[in-house]
Amino acid sequence: MSQHAVLGAPPTAPGARRPRAGEQHFVLRDDMPVGHPLFNDTPNLHDPLIFVELIRRAGLHVGHRNFGVPAERPALFYRFALRLSDPAVWQDCAEGARLALEMRAEPTRTVAGVPRSLRLGGTLRLDGAEACTGSAELLFVTPTVARNHRATSRLAALARTPADDGPRAGLRPAAPSLVGRCTPDSVVVSQPVRQGATLTTTVLVDPSHPVFFTGATDSVPGLLLVEALRQSALLAVASDGAAPCPTALDRLSVHLRGHAELDLPLLCTARTEPGGIDGTGRRLTRILLTLRQAGRTTAQAEAVTAEAG
């Protein structure tokens, strides 16, 4: 992805929500990446997951540049929510489409004028059409706190066994078509084990993956965890070999609760239940998802999918 420019937003439109104290607004504009190994995995379809990466990068950027967060403080991306405005906007969209992320950032837990965290919200548009809305929260910590927290998390994980994580799925990748992907390299969950309405997969962690591991890291990147949750949700609603469209995922909210170790089994469970009917008459399915490792919950999520048509 290219280097993005973050610009001041235009004046607030009449009737729009008034900004909260300390809240700032921004617009990020760029071309949709072309030939990206993940975001362009499916022909004639742009990937909504790009919203996650855009808002994370933009939040980190404005935190340091606009809110005075020291550059040496790392950011922990720990909450995220996404809702597709119109699945059709993501389909049959020309390569190099212009995207615009209209983002608001509100500092929280401010100490001595410097925010400990940022609450982000925004709307992503493709060639001017609203594609999705969403939010995220970033936590900025000092290097010492980050090191201590990481060491404590690692020791706690190693002190436990994975026996309490539930039935172990295998390590053969799921079929790409069943997780909304086209190429095997984009699959990050295994073939599942199903017990009633609950499905369990193993997250496939490849430290050489060119998208998820772009720099040195000692834990599983957040973008990989979000993608594993999304793929598990689509896999849970796939039946009899039916291939779900990636944009069947109408909503996704994620709470990352801790580090996931690179060298320990990481399992995802997904439980489906009826989600009612949307305004267009489509049947919805609600999926409750949990990532567990060594007896600990590392992430929880809720997804809603809509049937095709």
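One can find the structure itself at the top, above this paragraph.
Residues numbered from 1 in each chain as written. Predicted model: local features only at pLDDT ≥ 70, side-chain atom pairs only at ≥ 80, totals over all residues. Heavy atoms only, no water.

Turning our eyes to something else, we now look at the overall build of the protein. Across its full length, the protein carries 4 helices and 12 strands. Across the 309 residues of the protein, 47% fall into the buried class. A separation threshold of at least 6 residues defines the contact pool for the protein, and within that pool the share at least 24 residues apart is 68%. For the protein, the accessible surface area stands at approximately 14400 Å², while carbon and sulfur atoms represent 52% of it. (Helix = DSSP H or I, 4+ residues; strand = E, 2+ residues; numbered from the N terminus. Buried < 20%, exposed > 50% of the residue type's maximum accessible area, 1.4 Å probe, protein only. Contact = heavy atoms within 4.5 Å. Areas by Shrake-Rupley, 256 points an atom, 1.4 Å probe, with all protein chains shown as cover.)

Time to look at helix 3 (residues 143-158). Its 16 residues place the ends of helix 3 23 Å apart at the C-alpha level, agreeing with the 22 Å of an ideal helix rising 1.5 Å per residue. When we look at burial in helix 3, the residues that qualify are Arg150, Ser153 and Ala157. Angularly, the buried residues of helix 3 cover 65° about the axis, an arc narrow enough to put them on a single face. In helix 3, the exposed positions that point more than 90 degrees away from the buried face belong to Arg147, Thr152 and Leu155. (Expected span 1.5 Å × (residues − 1). Arc of directions from axis to C-beta.)

What follows is about the pattern of salt bridges. Scanning all chains against the criterion turns up 17 salt bridges. Where glutamate 102 meets arginine 125, a salt bridge forms, and the shortest distance between an N and an O atom there is 3.0 Å. Taken together, the positions of glutamate 102 in strand 4 (residues 98-111) and arginine 125 in strand 5 (residues 114-126) put the pair 23 residues apart, joining distant regions of the chain. Judged by its relative accessible area of 35%, glutamate 102 falls in the partly exposed class. By relative accessible area, arginine 125 is classed as partly exposed at 25%. Measuring nitrogen to oxygen at the nearest pair gives 2.8 Å for the salt bridge that ties aspartate 278 to arginine 282. The two residues aspartate 278 and arginine 282 agree in class, both being buried. Within the structure, one salt-bridge network assembled from shared partners comprises Arg150, Arg154, Asp218, Glu261 and Asp263. (Salt bridge = Lys/Arg side-chain N within 4 Å of Asp/Glu carboxyl O.)

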